[in-house]
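# Descriptive analysis of the structure
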Amino acid sequence: MNKAELLKLYNQDLNELLSLSKKFVKNNIEFCSLINARNGKCSQNCKYCAQSSHYCTNIESYPLIELSKVKESAIDAKKHKVSRFAIVTSGKTPDESDFDKILGMIKEVNQIDGLKSCASIGILNEEQAKKLAETGLKRFHHNINTSQSYYPEICTTHTWQDRVNTCKLVKKYGMELCCGVILGMGESVEQRVEMALELAEIQPDSIPINILMPIPETPFENYFDKIDEENVLRTLAIFKIANPNSILRLCGGRMRLSEENQQKALTHCVEGLMVGNYLTTIGKDVNEDIKTINRLGLAIKS
């Protein structure tokens, strides 16, 4: 499907669009969660991010946490029907002094029955990707964040292609790829369609969709009105139509949607949820998510 065709679909009647998207979704939802294993002091100038050292957001910065905290959090996640658990660290690339410790964390997660390891630790080089695969990492997360055409408006300290290169390394070494976007950063409808097509070319196993939560003291602190709920649903539907074989996952910022529209997304567009809290923002209580899934007659994927 090309850009013109997807744009035409994007602008058609919403209910018709959602009905079309629904044809591609299964009736089970995959839960994943994360632990923010190192926070703040990032050298990159991504305009949406509380962790960037370019902005005075007054978040708590801390070095890599202890292995015991990762294990404790992973075990708790498993109790709440989570099947994938991610270790997330701030920074452009994995810190060399922390990398071996992160490998140890991945091994620990893999030892928990029924839990699959994920990691989001920045832009990789070939050796790092190889070591992650050898350690047994199941899935690596690295977003493109927005379309290639809009990326210079988001960040200038690295490129969109830098991110895609990491995605290629992940697939080269046989790991699953989780790669998605953030909506509501000022992109146009056309650029949302471009994102859907760019992801179709990358072919991630999982596509996380975040909705911008404007952070005070960042350049995007007042970007609350850059996307509305209807356009979030339209974008979700287009992404699913363009990427029928990828798990579309609703993640950070989903609380910006009404309960009704969250449920529409679950029944018409998405097959995954990031549950619990996020990196620097609060998420939804996982027990509420479980109740919603049950009420909708959906299953939680194990």
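Keep in mind the model is a prediction, meaning the values are calculated, not measured. (Residues numbered from 1 in each chain as written. Predicted model: local features only at pLDDT ≥ 70, side-chain atom pairs only at ≥ 80, totals over all residues. Heavy atoms only, no water.)

Leaving glycine aside, a negative phi is the common case for residues, and trans is the common case for peptide bonds. Unusually for a residue other than glycine, Lys41 sits at a positive phi of about 55°. Summarising the element assignment, Lys41 is placed in the loop between strand S1 (28-38) and helix H3 (67-79). (Helix = DSSP H or I, 4+ residues; strand = E, 2+ residues; numbered from the N terminus.)

On to the pattern of salt bridges, then. Enumeration over the complete set of coordinates arrives at 14 salt bridges. Where Arg139 meets Glu30, a salt bridge forms, and the shortest distance between an N and an O atom there is 3.4 Å. Of the two residues, Arg139 is situated in strand S4 (residues 139-141) and Glu30 in strand S1; the sequence distance between them amounts to 109 residues. Its relative accessible area of 3% is what places Glu30 among the buried residues. Taking the shortest distance from any N to any O, the salt bridge between Lys240 and Glu271 comes out at 2.8 Å. Here Glu271 lies in the loop between helix H9 (259-268) and strand S9 (272-274) and Lys240 lies in helix H8 (residues 229-242), a separation of 31 residues in the sequence. (Salt bridge = Lys/Arg side-chain N within 4 Å of Asp/Glu carboxyl O. Buried < 20%, exposed > 50% of the residue type's maximum accessible area, 1.4 Å probe, protein only.)

Attention now moves to the environment of Gln128. Looking at the element boundaries, Gln128 is found in helix H5 (residues 126-135). For Gln128 and Gln161, which are 33 residues apart along the polypeptide, the C-alpha to C-alpha distance reads 18 Å. In this structure, Gln128 is in contact with Pro94, Phe99 and Ile123, ignoring residues within four places of it in sequence. (Contact = heavy atoms within 4.5 Å.)

What follows covers the packing of aromatic side chains. Enumeration according to the criterion identifies one aromatic pair in this entry. Ring geometry for Phe220 against Tyr223: centres 4.3 Å apart, planes inclined by 20°, an arrangement best described as stacked. Judged by relative accessible area, which is 22%, Tyr223 ranks as partly exposed. (Phe/Tyr/Trp six-rings, centres within 6.5 Å; stacked < 30°, edge-to-face > 60°.)

Time to look at the pairing of strand S8 (residues 247-250). Residues Ile247 and Arg249 point to one face of S8 and Leu248 and Leu250 to the other, with burial holding for every one of them. Bridge count between strand S7 (residues 206-211) and S8: four bridges; the pairing is parallel. Note that in S8 the partner of Ser206 across the bridge is Ile247. Where the polypeptide runs from S7 across H8 and back to S8, its parallel neighbour, the crossover connection is right-handed. The sheet contact formed by S8 and S9 spans two bridges and is parallel. Paired with Leu250 across the two strands is Leu273, which belongs to S9. On the question of chirality, the crossover connecting S8 to the parallel S9 by way of H9 is right-handed. (Pairing = 2+ DSSP bridges. Right-handed = clockwise from strand over helix to strand, strands pointing away.)

Geometry only, nothing functional implied.
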